[in-house]
Amino acid sequence: MISFDAFRAQNGLPIYLQILRYIKRGIVCGDITDGDALPSRRMLSAMLGVNPNTIQKAYRILEEDGLIASHAGAKSVIVLNEENRARIRRELLQDDIRETAFALRGMGLSLEEAISLLTQCWDMPSLSDEEDSE
Amino acid sequence: MLKLDHINKFYGMRQALNDVSLELPRGEIVGLFGENGAGKTTLMKCIFGFHSYHGEITLDGEPITTKNIAKLSFATSEHSFFPNLSAATHRDFYANHFDGFSDKRYTALMDFFALPKHKPLRAFSTGQKNQFEVILALSQGADYIFMDEPFAGNDIFNREDFYKVLLGILEPHETVVLSTHLIEEVSDFIGRALLLRTGRIIGDITTDTLDGEGLSLVDYIKNTYSYRADRVSRALHTLTGEDE
Amino acid sequence: MKKTSTPTQTEDTRPWYAPFVPPGMNIEGELIFFLIAMLAAMCYATGFFARLFAQIDLLYQYSYGERTLIPGAVMAPFYEVFNQAWTGYFIVLLCMLGWGIYHDLYYRQESKSIYTMRRLPDSVSFLRYTWTLTLCEVLVCLLFAMLCLFLSYGIYCVMTPEGYLPGGQWTLFWDNLFYRK
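In this report, we go over the structure that sits alongside the text. On a predicted model such as this, the values are computed, not experimentally measured, just so you know.

Thresholds applied
Residues numbered from 1 in each chain as written. Chains lettered and ligands numbered in written order. Predicted model: local features only at pLDDT ≥ 70, side-chain atom pairs only at ≥ 80, totals over all residues. Heavy atoms only, no water. Helix = DSSP H or I, 4+ residues; strand = E, 2+ residues; numbered from the N terminus. Buried < 20%, exposed > 50% of the residue type's maximum accessible area, 1.4 Å probe, protein only. Contact = heavy atoms within 4.5 Å. Salt bridge = Lys/Arg side-chain N within 4 Å of Asp/Glu carboxyl O. Patch = residues over 30% accessible without salt bridge, like charges linked within 9 Å, V, L, I, M, F, W, Y side chains within 5 Å. Areas by Shrake-Rupley, 256 points an atom, 1.4 Å probe, with all protein chains shown as cover. Pairing = 2+ DSSP bridges. Buried area = accessible area lost by both parts, 1.4 Å probe. Polar contact = N/O pair within 3.5 Å; in protein donor to acceptor, adjacent residues only side chain to side chain. Nonpolar A, V, L, I, M, F, W, Y, C, P; charged D, E, K, R; others polar. Disulfide = S-S within 2.5 Å. Axes fitted to C-alpha atoms, helices over the stretch in contact; angles between N-to-C directions. Parallel < 35°, antiparallel > 145°, perpendicular 65-115°, else oblique. Left-handed = near helix turned anticlockwise from the far one by under 90°.

**Observations regarding the overall build of chain A**
Thinking step 1. Of the regular secondary structure elements, chain A holds six helices and two strands.
Thinking step 2. Secondary structure elements in chain A, listed N-terminal to C-terminal, are α-α-α-β-β-α-α-α.
Thinking step 3. Oriented by its inertia axes, the alpha-carbon framework of chain A measures out at about 55 × 35 × 30 Å.
Thinking step 4. The 134 residues of chain A split such that 31% are buried.

**Observations concerning the environment of H54 of chain B**
Residues and elements named next belong to chain B.
Thinking step 1. Position of H54 among the secondary structure elements: in strand β4 (residues 54–59).
Thinking step 2. Taking the C-alpha atoms as reference points, H54 and F10, separated by 44 residues in sequence, lie 8.8 Å from one another.
Thinking step 3. Among residues more than four places away in sequence, those in contact with H54 are H6, I7, N8 and F10.

**Notes on the pattern of salt bridges**
Thinking step 1. Applying the stated criterion to the full structure yields 24 salt bridges over all chains.
Thinking step 2. The shortest N-O distance in the salt bridge between E28 of chain B and R192 of chain B comes to 2.9 Å. Of this pair, E28 of chain B sits in the loop between β2 (14–24) and β3 (29–34) while R192 of chain B sits in strand β9 (residues 192–197), and the two are 164 residues apart along the sequence.
Thinking step 3. Judged by its relative accessible area of 8%, R192 of chain B is buried.
Thinking step 4. Of the charged contacts, one joins K112 of chain C and E78 of chain B as a salt bridge, the two residues approaching to 3.9 Å between their closest N and O atoms. Within this pair, whereas K112 of chain C is found in the loop between α4 (87–106) and α5 (114–117), its partner E78 of chain B is found in the loop between β6 (72–76) and α2 (87–97), the two belonging to separate chains.
Thinking step 5. Residue classification places K112 of chain C among the partly exposed residues on the basis of a relative accessible area of 25%.

**Concerning a nonpolar patch on the surface**
Residue and element names in this part refer to chain C.
Thinking step 1. Among the surface-exposed residues, F90, L94, L97, I101, Y102, L105, L127 and W131 lie close enough to one another that they form a single nonpolar patch of about 760 Å² accessible area.
Thinking step 2. For the nonpolar patch, the secondary-structure elements that each account for two or more residues are α4 and α6 (123–159).
Thinking step 3. Here the nonpolar patch takes six residues from α4, the largest share from any one element.
Thinking step 4. Assignment of secondary structure puts W131 in helix α6.

**What to know about the pairing of strand β2 (residues 66–69) of chain C**
Residue and element names in this part refer to chain C.
Thinking step 1. Note that strand β1 (residues 60–63) and β2 share four bridges and pair antiparallel. Each bridged residue has a counterpart across the sheet, and for Y60 the counterpart in β2 is L69.
Thinking step 2. As consecutive antiparallel partners, β1 and β2 are separated by two residues, and within that stretch Y64 has a phi angle of approximately 50 degrees, a positive value.

**Details of the interface of chain A and chain B**
Thinking step 1. The interface is formed by 14 residues belonging to chain A together with 14 residues belonging to chain B.
Thinking step 2. Between chain A and chain B, the buried area comes to about 1,100 Å², and carbon and sulfur atoms account for 46% of it.
Thinking step 3. For chain A, the biggest contributors to the area lost against chain B are R42, A46 and N51 of chain A; these three give 43% of the whole.
Thinking step 4. Between R42 of chain A and E171 of chain B there is a salt bridge, with its nearest N and O atoms 3.4 Å apart.
Thinking step 5. Along the contact surface separating chain A from chain B lie seven residue pairs in polar contact (both at pLDDT 80 or more).
Thinking step 6. Elements with a contribution of two residues or more to the side of chain A that touches chain B: α1 (15–28), α2 (41–48) and α3 (52–64) of chain A.

**Focus: the interface of chain B and chain C**
A common way to report how large an interface is uses the accessible area buried once the components associate.
Thinking step 1. Taken residue by residue, the interface counts 36 residues in chain B and 32 residues in chain C.
Thinking step 2. Carbon and sulfur atoms supply 54% of the area buried between chain B and chain C, which totals about 2,900 Å² over both sides.
Thinking step 3. The largest share of the area that chain B buries against chain C comes from F50, F82 and H97 of chain B, three residues that together contribute 21% of it.
Thinking step 4. Counting the contacts that link chain B with chain C gives two salt bridges.
Thinking step 5. E110 of chain C serves as the salt-bridge partner of R122 of chain B, at 2.8 Å between the closest nitrogen and oxygen.
Thinking step 6. At the boundary of chain B and chain C, one finds 11 residue pairs in polar contact (both at pLDDT 80 or more).
Thinking step 7. Put simply, the parts of the chain that give the side of chain B that touches chain C at least two residues each are α1 (40–48), β6 and α2 of chain B.
Thinking step 8. Examining the composition of the side of chain B that touches chain C, we find that nine residues originate from one element, α2 of chain B, more than from any other.
Thinking step 9. Residue classes in the side of chain B that touches chain C are distributed as 15 nonpolar, 13 polar and eight charged.

**What to know about the environment of I29 of chain B**
Thinking step 1. In this structure, I29 of chain B sits in strand β3.
Thinking step 2. The exposure class assigned to I29 of chain B is buried, which follows from its relative accessible area of 6%.
Thinking step 3. Sequence-wise, I29 of chain B and Y144 of chain B are 115 residues apart; in three dimensions their C-alpha atoms are separated by 9.9 Å.
Thinking step 4. The contact partners of I29 of chain B, leaving out residues within four places of it in the chain, are N51 and P52 of chain A together with L167, L170, V176, F189, I190, G191 and R192 of chain B.

**Examining the state of the cysteines**
All names here are of chain C.
Thinking step 1. Under the criterion given, the structure shown has zero disulfides over all chains.
Thinking step 2. Looking at C148, it has no disulfide partner, and the nearest cysteine sulfur is the one in C141, 11 Å off.
Thinking step 3. Residue C148 is classed as buried on the basis of its relative accessible area of 12%.

**Considering the packing of helix α1 (residues 28–45) of chain C against α4 of chain C**
All names here are of chain C.
Thinking step 1. Following both chains from N to C, one finds α1 and α4 inclined at 165 degrees, their axes separated by 8 Å at the closest point. Between α1 and α4, the interaxial angle falls into the category roughly antiparallel. Viewed along their axes, α1 and α4 form a crossing whose handedness is right-handed. Of the residues in α4, those touching α1 at G29, E30, F33, F34, A37, M38, A41, M42, Y44 and A45 are T87, G88, Y89, V92, C95, M96, W99 and H103.
Thinking step 2. Of the residues contributing to the contact of α1 with α4, the split by class is 13 nonpolar, four polar and one charged.

**As for the sheet that holds strand β1 (residues 2–11) of chain B**
Residue and element names in this part refer to chain B.
Thinking step 1. Spatially, four strands are ordered β2-β1-β4-β5 in an open sheet, and the strand pairing comes out antiparallel. Only two strands of the sheet have a single partner each, and these edge strands are β2 and β5 (62–63).
Thinking step 2. Two strands pair when backbone bridges link them, and β1 and β2 are joined in this way by seven bridges, in the antiparallel orientation. Paired with Y11 across the two strands is R14, which belongs to β2.
Thinking step 3. Strands β1, β2 and β4 of the sheet are contacted by α1, whose axis makes an angle of about 115 degrees with β1.

Listed below in structure tokens is the structure:
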């Protein structure tokens, strides 16, 4: 069953979106694969301390997106194939890049400057890794 | 459906509740917010008939009487248990008086919070007293569980445990109305927020709607109360005489 | 009281009188008070005897150490002789009603168990828990007061010398109970 142990609620984004993002990230990095079972709505609600209606909303959206299949009386199950896996990946990437692009534009960078900066930083380790090794 | 129709409550000249009208269906988790003296406790007490009031309060169309009052339960920070008696005796008392009492739920919650069964309630710590008070309210077999600041004195881990256990055991037909000051803490837990100020309902919104509008609960509440974020910095200017 | 699909019997045994007193209340103090108050009332009531013998004595005249009945004398009416014998019982009654009110206040001490009591689904329980003991005490007090009355009246009739007993004393007693005619 899919584990939500690593899930951390944050301020800013509605919690149902955070849950969706958690699942999408899990899919993209391979932790969540086709056929994995999701906890029941009630159990996830209790695990996260989140209102069941909110959980319901998240599950409903996943179902509409074709990412989960619900069967009466059984847990909902992830449905992954080439097509939707690629789509999720694209969506998540696009979300992340959009945030970054928005921030860079806000600092006054042009597209060329942004590309040059990206090329510079491409091979560098992440900031958190750097701090750890100091 | 629990329905409040134009409720007005006066203490002499002071108006504690001002034209409060409200519909509470089953199956909701409602947060009741408001400053001290806003009327949260008064509202709950009117529902139970502890206070007289003008207006009408009905449960499924009937006024609240001994016939249907078992469908409502109450946990309060003032504690409504008997300090001399043990938890086990309280269990027997509730089981005798309330047909819907759930021994299963009572036992499960007692075990989860590891509360002593045979010590007099008076000897419990404040946190334990709060926990027991809520356990009784949850085990009574009520459809509407009212909690008036039930966690005064419980540490944060305690409280978070409680929200989670609550979410795990609540049935779809049960409604919880929780009055609290801990807005941020309960913002994911509740499905609906009621805001009270000087006896009036000034806000009634579902978290679904808040999500749709991209508002956090805290922001909604601050906006509704016209909270001035610069209040502190402006006051400091006067208090310290510092020039900006 | 509802009975029970609830399986286990807890190990906290409740006293047999638990359904009739406020839950958890220690009634020892109240019972001791009641006992002492009743004894005091009974002692006070024995003042009747002193008054009775005094009044009987007034029917006699004394000469040379011998006493003879005064012809034509009339024994004092019963209500006068009985007088305030009931006062003690009356005070006990008021005290126990006061204790009854204390039962109600008990629910507001320390914690507000009044909120639980007022939510009980059957209308009788609250009255039963709060007032049964007081009711019993009041009844016992009234019972003793009546016994006291009957006994005193009987003794009055028996001890008054033959022929000196004024008639209609029983009715007269009740007529004069609340005010003197």
